[in-house]
Amino acid sequence: MPLNPAFKGRVYPPTEPYEVGREKIREFAEAIGEPDPAADPDGPVVAPPTFAIVLTMRAERQAVFDPELGLDLSRLLHREQRFDYTRPIVAGDRLTVTVRVEDVGGAGPADVLTLSSAVTTTDGEHVCTATATLVTMGDEDA
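A brief look at the structure comes next. The numbers attached to residues start from 1 for each chain and follow its sequence in the written order. At least 70 in pLDDT is required for a residue's local features to be given in this predicted model, at least 80 for side-chain atom pairs to be given and counted, and no such filter applies to totals for whole chains, interfaces and linings, which use all residues. Working from all heavy atoms in the structure, the side-chain values ignore hydrogens and water.

### A closer look at the overall build of the protein
Runs of H or I in DSSP of at least four residues are treated as helices and runs of E of at least two as strands, each being numbered from the N terminus. Counting its regular elements, the protein contains 2 helices and 5 strands. Helices (α) and strands (β) of the protein occur, in sequence order from the N terminus, as β-α-α-β-β-β-β. For the protein, the spread of C-alpha atoms along the three principal axes comes to 60 × 30 × 20 Å. Residue burial is assigned from relative accessible area. The probe radius is 1.4 Å, only protein chains are included, and a residue is buried under 20% of its type maximum, exposed over 50%, and partly exposed in between. Buried residues in the protein amount to 39% of all 142 residues. Contact criterion: two residues are considered in contact whenever any of their non-hydrogen atoms come within 4.5 Å of each other. Of all intrachain contacts in the protein linking residues separated by at least 6 positions in sequence, the fraction that spans at least 24 positions is 67%. Using a 1.4 Å probe, the Shrake-Rupley method yields the accessible areas, and only the shown protein chains count as cover for residues. Of the accessible surface of the protein, which amounts to about 7900 Å², a share of 52% is contributed by carbon and sulfur atoms. One way to put it: in the protein the 13 positive side-chain charges average out to a point 3 Å from where the 24 negative ones average out. The charge count includes Lys and Arg as positive and Asp and Glu as negative, but it does not include His or the ends of the chains. Positions of charges follow a simple convention, taking NZ of Lys, CZ of Arg, CG of Asp or CD of Glu.

As structure tokens, this is what we get:
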């Protein structure tokens, strides 16, 4: 079953605020093999650029698990991920994410879904936008 093209342009409500903690940044950096950003006790704790995925993947669940979209999770592939920053994420930030369905299309037997997730502070300051491209492989025999 193809994705519902009426979802193009749909915007989901902002997520509840997520408080970025020093320890969360440290754990994330360790998991991806980066040096400990919290090692300097006098400096700001800056998250690695891919830290935003912690917030955006949670927010994107609103679209991915929306039954009316028609996404077949058993055939889901994550094709591309991009982060465009206005400023780095730092410990102490309180962030929310608003997800927008940028595109619903197809490529041969596959459906392609592009999601844009705007990460902002609770004061409305833009921090970054994450763009995810997801593909569901269709049944070539169908």
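### So, the environment of S74
Inspection of the secondary structure assignment puts S74 in the loop between α2 (53–64) and β2 (76–85). In the structure, S74 is positioned 14 residues away from P88 in sequence and 34 Å away in space, judged by C-alpha atoms. Two N or O atoms form a polar contact when they lie within 3.5 Å of each other; inside protein one atom must be a possible hydrogen donor and the other a possible acceptor, and for residues adjacent in sequence the pair counts only when both atoms belong to side chains. A polar contact is formed between the side chain of S74 and the side chain of D72, at a distance of 2.6 Å.

### Examining the sheet that holds strand β1 (residues 18–19)
Pairing between strands requires that DSSP locate at least two bridges from one strand to the other. Strands sit in the order β1-β3-β4-β5-β2 across an open sheet of 5 strands; the sheet is antiparallel. The open sheet has two edge strands with one neighbour each: β1 and β2. For strand β3 (residues 94–107) and strand β4 (residues 110–121), the ladder comprises 12 bridges, and the chain directions are antiparallel. When the bridges of β4 are listed, V97 appears paired with V119.

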